[in-house]
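# Coordinate analysis (summary)
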Amino acid sequence: MNFLPFNLLVMSSAVLAIIIIVITLKRRAEKALVNLRESEERYRLLIINSREMITSHQPDGVYEFVSPTAKTLTGYASEELVGKNWFDFFHPDERPLLFERVHDVALQKKSSLTLEHQFCQKGGNYIWMETAVQPILDMNKKVLRLQNSSRDISERKRIEQMKDDFINTVSHELRTPLTIIKGSISNLKDGVVGPLTEKQAHVVETTSRNVDRLGKIVANLLDLARLESGKGKINR
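Now for a quick tour of the structure. (Residues numbered from 1 in each chain as written. Predicted model: local features only at pLDDT ≥ 70, side-chain atom pairs only at ≥ 80, totals over all residues. Heavy atoms only, no water.)

## Considering the overall build of the protein
- Helix and strand counts for the protein come out as six helices and five strands.
- Traced from its N-terminal end to its C-terminal end, the protein shows the element sequence α-β-β-α-α-α-β-β-β-α-α.
- Looking at the 236 residues of the protein, the share that counts as buried comes to 28%.
- With an accessible surface of roughly 16400 Å², the protein has 58% of that area assigned to carbon and sulfur atoms. (Helix = DSSP H or I, 4+ residues; strand = E, 2+ residues; numbered from the N terminus. Buried < 20%, exposed > 50% of the residue type's maximum accessible area, 1.4 Å probe, protein only. Areas by Shrake-Rupley, 256 points an atom, 1.4 Å probe, with all protein chains shown as cover.)

## Comments concerning the pattern of salt bridges
- One pass over the structure, following the stated rule, counts twelve salt bridges.
- Across the salt bridge formed by Arg156 and Glu116, the nearest N and O atoms sit 2.3 Å from each other. On the criterion of sequence distance, the pair formed by Arg156 in helix α5 (residues 154-189) and Glu116 in strand β3 (residues 113-120) is long-range, its members being 40 residues apart.
- Of the residues examined, Glu116 reaches a relative accessible area of 35% and is grouped as partly exposed.
- In this structure, Glu130 and Arg156 form a salt bridge, with 3.5 Å as the shortest nitrogen-oxygen distance. Taken together, the positions of Glu130 in strand β4 (residues 126-137) and Arg156 in helix α5 put the pair 26 residues apart, joining distant regions of the chain.
- The exposure class assigned to Glu130 is buried, which follows from its relative accessible area of 18%. (Salt bridge = Lys/Arg side-chain N within 4 Å of Asp/Glu carboxyl O.)

## Examining helix α4 (residues 95-108)
- Along its 14 residues, α4 runs 18 Å from first to last C-alpha, staying within 8% of the 20 Å computed at 1.5 Å per residue.
- Leu98, Val102, Val105, Ala106 and Leu107 are the residues of α4 that are buried. Buried residues of α4, viewed axially, fall in a sector of 160°; they line one side. Projecting away from the buried face of α4 at angles above 90 degrees are the exposed residues Pro96, Leu97 and Glu100.
- Considering only its buried residues, α4 is in contact with β3, β4 and β5 (143-152).
- Where α4 terminates, the next one or two residues include Lys110, which has phi positive at roughly 60°. (Expected span 1.5 Å × (residues − 1). Arc of directions from axis to C-beta. Contact = heavy atoms within 4.5 Å.)

## Quick word on the nonpolar core
- Grouped together as the largest cluster of nonpolar side chains are 24 residues, with contacts concentrated most on Tyr63 and Trp86.
- For this core, the secondary structure elements donating two or more residues are β2 (63-66), α2 (69-74), α4, β3, β4 and β5.
- Counting eight residues, the second-largest nonpolar core is a separate cluster that includes Ile167, Leu178, Val218 and Leu222. (Core = buried A, V, L, I, M, F, W, Y, C linked by side-chain atoms within 4.5 Å.)

## Regarding the packing of aromatic side chains
- Per the stated rule, a full pass over the model turns up seven aromatic pairs.
- Seen in terms of ring centroids, Tyr76 and Phe89 are 5.4 Å apart; in terms of plane orientation they differ by 75°. Their pairing is edge-to-face. Of this pair, Tyr76 sits in the loop between α2 and α3 (78-81) while Phe89 sits in the loop between α3 and α4, placing them 13 residues apart in sequence.
- Take Tyr76: its relative accessible area is 15%, and that puts it in the buried class.
- Ring geometry for Trp86 against Phe87: centres 5.2 Å apart, planes inclined by 35°, an arrangement best described as tilted.
- Three or more aromatic residues joined by ring pairs make a cluster, and in this case those are Tyr63, Tyr76, Phe89 and Phe119.
- One Lys or Arg, Lys157, reaches over the ring of Trp128 and ends 4.5 Å from the middle of that ring. (Phe/Tyr/Trp six-rings, centres within 6.5 Å; stacked < 30°, edge-to-face > 60°. Lys NZ or Arg CZ within 6 Å of the ring centre and 35° of its normal.)

## Let's talk about the sheet that holds strand β1 (residues 53-57)
- Taken in spatial order, the five strands make up an open sheet running β2-β1-β5-β4-β3, and their pairing is antiparallel. Pairing within the sheet leaves two strands with one partner each, and these edge strands are β2 and β3. When the angles between neighbouring strand axes are averaged without regard to direction, this sheet yields 30°.
- Pairing of β1 with β2 involves three bridges; the strand directions are antiparallel. Bridge assignment links Thr55 to a residue of β2, and that residue is Val66.
- Against the sheet, α4 makes contact with β3, β4 and β5, and its axis sits at roughly 150° relative to β3, the strand it touches most. (Pairing = 2+ DSSP bridges. Axes fitted to C-alpha atoms, helices over the stretch in contact; angles between N-to-C directions.)

## Thoughts on a nonpolar patch on the surface
- Together, Phe166, Leu214, Ile217 and Leu221 line one region of the surface with nonpolar side chains, adding up to about 330 Å² of accessible area.
- Examining the composition of the nonpolar patch, we find that three residues originate from one element, helix α6 (residues 198-229), more than from any other.
- Relative to the elements of secondary structure, Phe166 occurs in helix α5. (Patch = residues over 30% accessible without salt bridge, like charges linked within 9 Å, V, L, I, M, F, W, Y side chains within 5 Å.)

See the structure below:
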């Protein structure tokens, strides 16, 4: 009976082990590749079907990737925005402050932030957007790119403006006249224009109570409007 030399037997075992390891690693790599492709496909479908505009930028703001939703929100096709600078589409009055915020928070502090800003559409009109900015870092904590998610908040801004207009209207066109009326009633009570008859005093007192009641209603309306707009607290 012939036996293989010991060194050949060891070598054969080592080769077999290597083959097994290679096959195992290959299968794992193939499985990982399939999982990666499935994840990429899910992410791609998520981006395509998202109502928000998903974008990727270089640290200086240049678009690297723009999701198809851009066409609906901005009028620009994705390929029209790639290579252009995000900051160039901001309203000129807002651009310096927004650039400073992105640079300070996302690039220097490497933290995420949310911006409310105007964006110039292809037709030249500005819409309001809310954009969540997320810096993507490399292994050395250096910012590689900015990952953004933007949505149209023009309708929300329109409603907020209506609330602001309401507050201003109530403040100036109701509160001011009420203050004048209350002052006049106080003068009548104090006899500034002469003594009042019993009947006149009763009418003045009734009017004073109604004016006070109306003043409280106006104050409550203002408190409610400020609370809903996030601009104030209830006054007691």
